[in-house]
Amino acid sequence: LIHPLAGGILGGIISYFLHLYPPAFVVLRALTPKKYSFREFKRVFWQDRYCKPGKLVAISCYTSNAYEAYKIAKDFKAVGSTVIMGGPHVTYLPDEALQYCDSVVIGEAEGVWQQVVQDYERGELKETYSGLGQEDFYEAVHKELLDSSPEVIKEFIEPTRGCKFRCSFCTIPSLSSGRVRKKPVEEVVALVRKAEIKYRHFTFLDNNIYNDPAYAKDLFRALKPLNITWQSFCTIDIAKNDEVLRLAKESGCHMLVFGYEIFGNSAEDKQKGKFSMADRYKQYTDKVQSYGIKVRGNFIYGFDSDNWKTLGELWKFAFSIRPLIAVVGILTPLPGSKLYDDMLAQDRITNLNWRRYDVLNLVFCHKKFSEQFLSTIFFFFISLP
């Protein structure tokens, strides 16, 4: 199993801040017959000598490190191994991936991996497998985790999957089949109890831990007696609910990661969803922080209304909310997002070099500035202290 987590800048940022154990490893281990032995690799530790013949190889990747994943797939095939690819990028561009591998898993692996292995053993491997999001996505993985070490459990606690919002630049809605699914609270608690033997701080893998206020309340109440601390991705509307904020803090919430994307008076606030709350971002952030919960803010620059002046306004707004960490990326039309489809239809995408889809490069035709201009002003502002 190879997951090129640190093969690109975006992957490196994710790995640095969240220290993620690649979830694909746990899922596939849980669904693969126990007669198989496993070796797991992250791209950052990869060496060519690991390529061996006669293996069943699973490779997952993001868009920004797709080329690294393709090279590994090609090398394994060259020595006589069978290669299956999956992950966000491959899900949306399966025909591209099939140039380098034997088969692709489109969507979530939980519903199809056992079939993949059976077909492989019979010599009847199909080129594509479509894994639709399952309501009981957690069952097989939960059983595997209960038999795993605290080190593995700690990095794969996922109370919910999916997000209630449908942001145009995000691939989560399509990756999660447009649904929000929840793991039983008692199973989340069971995993935390086993891992807390060694660890007291946890990062939950949720795309949005506040998808369902009622579920969030039940989860936070159940976590409170465990005396742990935790952090997770969330949406700013949690600030509307004082009871949930109180319970989150009491349950050990150390930090919430908010995707603000735009700043308070950005012209993009006319869009629906999270953006409709932009004029209250400062108020809501203050409310969260008043409960002693730290905030990490993620921002995006490069919307059609953005120019060199709005970059300064975004910078000032980011400092005004006093986040523990602020991350600014350039708007990137990732395959699988509505933004990507729209820009393709408008013939605005100027670069299909996936390495540049790292949220640090402009890969589409902006209405107000060039790639060179954006690069100059963008890196000037984000380098300010």
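Structure shown above.
Here goes a summary of the coordinates provided. In this text, all values refer to a predicted model and were calculated from it rather than measured experimentally.

### Examining the overall build of the protein
Helix and strand content of the protein: 16 helices and 13 strands. The C-alpha radius of gyration of the protein comes to 21 Å, within 12% of the 21 Å expected for a compact globule of 385 residues. Seen through its principal axes, the protein has C-alpha atoms that stretch 60 × 55 × 35 Å. Split into buried and exposed, the 385 residues of the protein put 54% on the buried side. Contacts in the protein between residues far apart in sequence, at least 24 positions, make up 71% of those at least 6 positions apart. Carbon and sulfur atoms provide 53% of the accessible area of the protein, an area that totals close to 17,000 Å².

### Some details on the pattern of salt bridges
Across all of its chains, the model carries 32 salt bridges by this definition. Residue K34 pairs with E144 through a salt bridge whose shortest N-O separation is 2.7 Å. Of this pair, K34 sits in the loop between helix 2 (23–31) and strand 2 (41–42) while E144 sits in helix 7 (residues 139–146), placing them 110 residues apart in sequence. With a relative accessible area of 13%, E144 lands in the buried category.

### Some points on helix 12 (residues 242–250)
Burial in helix 12 covers these residues: V244, L245, L247 and A248. Down the axis of helix 12, the buried set is contained in an arc of 165 degrees. They therefore lie on one face. The inward-facing, buried residues of helix 12 abut helix 11 (213–223), strand 10 (229–234), strand 11 (253–261) and helix 13 (281–290). One or two residues past the end of helix 12 sits G252, with phi positive at roughly 110 degrees.

### Regarding empty space enclosed by the protein
Across all of its chains, the model carries one cavity of 30 Å³ or more by this definition. A per-class count over the lining of the largest cavity returns six nonpolar, no polar and four charged.

### A few points about a positive patch on the surface
A cluster of basic residues, R39, R49, K52 and K55, forms a positive patch at the surface. Classification of K55 as partly exposed rests on a relative accessible area of 43%.

### Here we look at the packing of helix 7 against helix 10 (residues 185–195)
Closest axis-to-axis distance for the helix 7/helix 10 pair is 10 Å, and the angle between their directions is 20 degrees. One way to sum up the angle between helix 7 and helix 10 is to call them roughly parallel. Judged by the sense of rotation from one axis to the other, the crossing of helix 7 with helix 10 is left-handed. Contacts from H142, L145 and L146 of helix 7 reach helix 10 at E187, L191 and K194. When the residues that make up the contact of helix 7 with helix 10 are grouped by side-chain class, the tally is three nonpolar, one polar and two charged.

### A look at the sheet that holds strand 11
With parallel pairing, five strands are arranged side by side in an open sheet as 9-10-11-12-13. Every interior strand has two partners, whereas the edge strands, strand 9 (201–203) and strand 13 (325–330), have only one. Neighbouring strand axes in the sheet, compared pairwise and without regard to direction, differ in orientation by 15 degrees on average. Across five bridges, strand 10 lies against strand 11 in parallel orientation. What sits directly across from C234, in strand 11, is F258. Of the strands in this sheet, strand 11, strand 12 (294–301) and strand 13 are in contact with helix 14 (residues 308–320), which crosses strand 12 at around 175 degrees.

### A few points about the environment of A318
In this structure, A318 sits in helix 14. Overall, the relative accessible area of 7% leaves A318 in the buried class. C-alpha separation for the pair A318 and N307, spaced eleven residues apart in sequence, amounts to 17 Å. Residues contacting A318, with those up to four places away along its chain left out, are F299 and P323.

### Section: the packing of aromatic side chains
Applying the stated criterion to the full structure yields 16 aromatic pairs. Between F169 and F275, the aromatic rings sit 6.3 Å apart at their centres with planes inclined by 25 degrees, giving stacked as the arrangement. Taken together, the residues span a long stretch of sequence, with F169 in the loop between strand 7 (160–161) and helix 9 (172–175) and F275 in the loop between strand 11 and helix 13 at a distance of 106 residues. Its relative accessible area of 12% is what places F169 among the buried residues. The positively charged end of R29 is found above the aromatic ring belonging to F38, 4.7 Å away from the centroid. The ring of Y199 is capped by K154, whose NZ or CZ atom sits 5.2 Å from the centre of that ring.

### Topic: the state of the cysteines
Scanning the entire structure with this criterion turns up zero disulfides. Just so you know, C51 is unpaired, no disulfide at all, and the nearest cysteine sulfur is the one on C101, 14 Å from it.

What counts, and at which threshold
Residues numbered from 1 in each chain as written. Predicted model: local features only at pLDDT ≥ 70, side-chain atom pairs only at ≥ 80, totals over all residues. Heavy atoms only, no water. Helix = DSSP H or I, 4+ residues; strand = E, 2+ residues; numbered from the N terminus. Rg over C-alpha atoms; globule rule 2.2 N^0.38 Å. Buried < 20%, exposed > 50% of the residue type's maximum accessible area, 1.4 Å probe, protein only. Contact = heavy atoms within 4.5 Å. Areas by Shrake-Rupley, 256 points an atom, 1.4 Å probe, with all protein chains shown as cover. Salt bridge = Lys/Arg side-chain N within 4 Å of Asp/Glu carboxyl O. Arc of directions from axis to C-beta. 1 Å grid on protein atoms, 1.4 Å probe; cavity = no way out; pocket = protein on both sides within 12 Å on 5 of 7 lines; lining within 4 Å. Points joined across faces, edges and corners; volume = space filled by probe spheres on them. Nonpolar A, V, L, I, M, F, W, Y, C, P; charged D, E, K, R; others polar. Patch = residues over 30% accessible without salt bridge, like charges linked within 9 Å, V, L, I, M, F, W, Y side chains within 5 Å. Lys, Arg positive; Asp, Glu negative; His and termini not counted. Charge placed at Lys NZ, Arg CZ, Asp CG, Glu CD. Axes fitted to C-alpha atoms, helices over the stretch in contact; angles between N-to-C directions. Parallel < 35°, antiparallel > 145°, perpendicular 65-115°, else oblique. Left-handed = near helix turned anticlockwise from the far one by under 90°. Pairing = 2+ DSSP bridges. Phe/Tyr/Trp six-rings, centres within 6.5 Å; stacked < 30°, edge-to-face > 60°. Lys NZ or Arg CZ within 6 Å of the ring centre and 35° of its normal. Disulfide = S-S within 2.5 Å.

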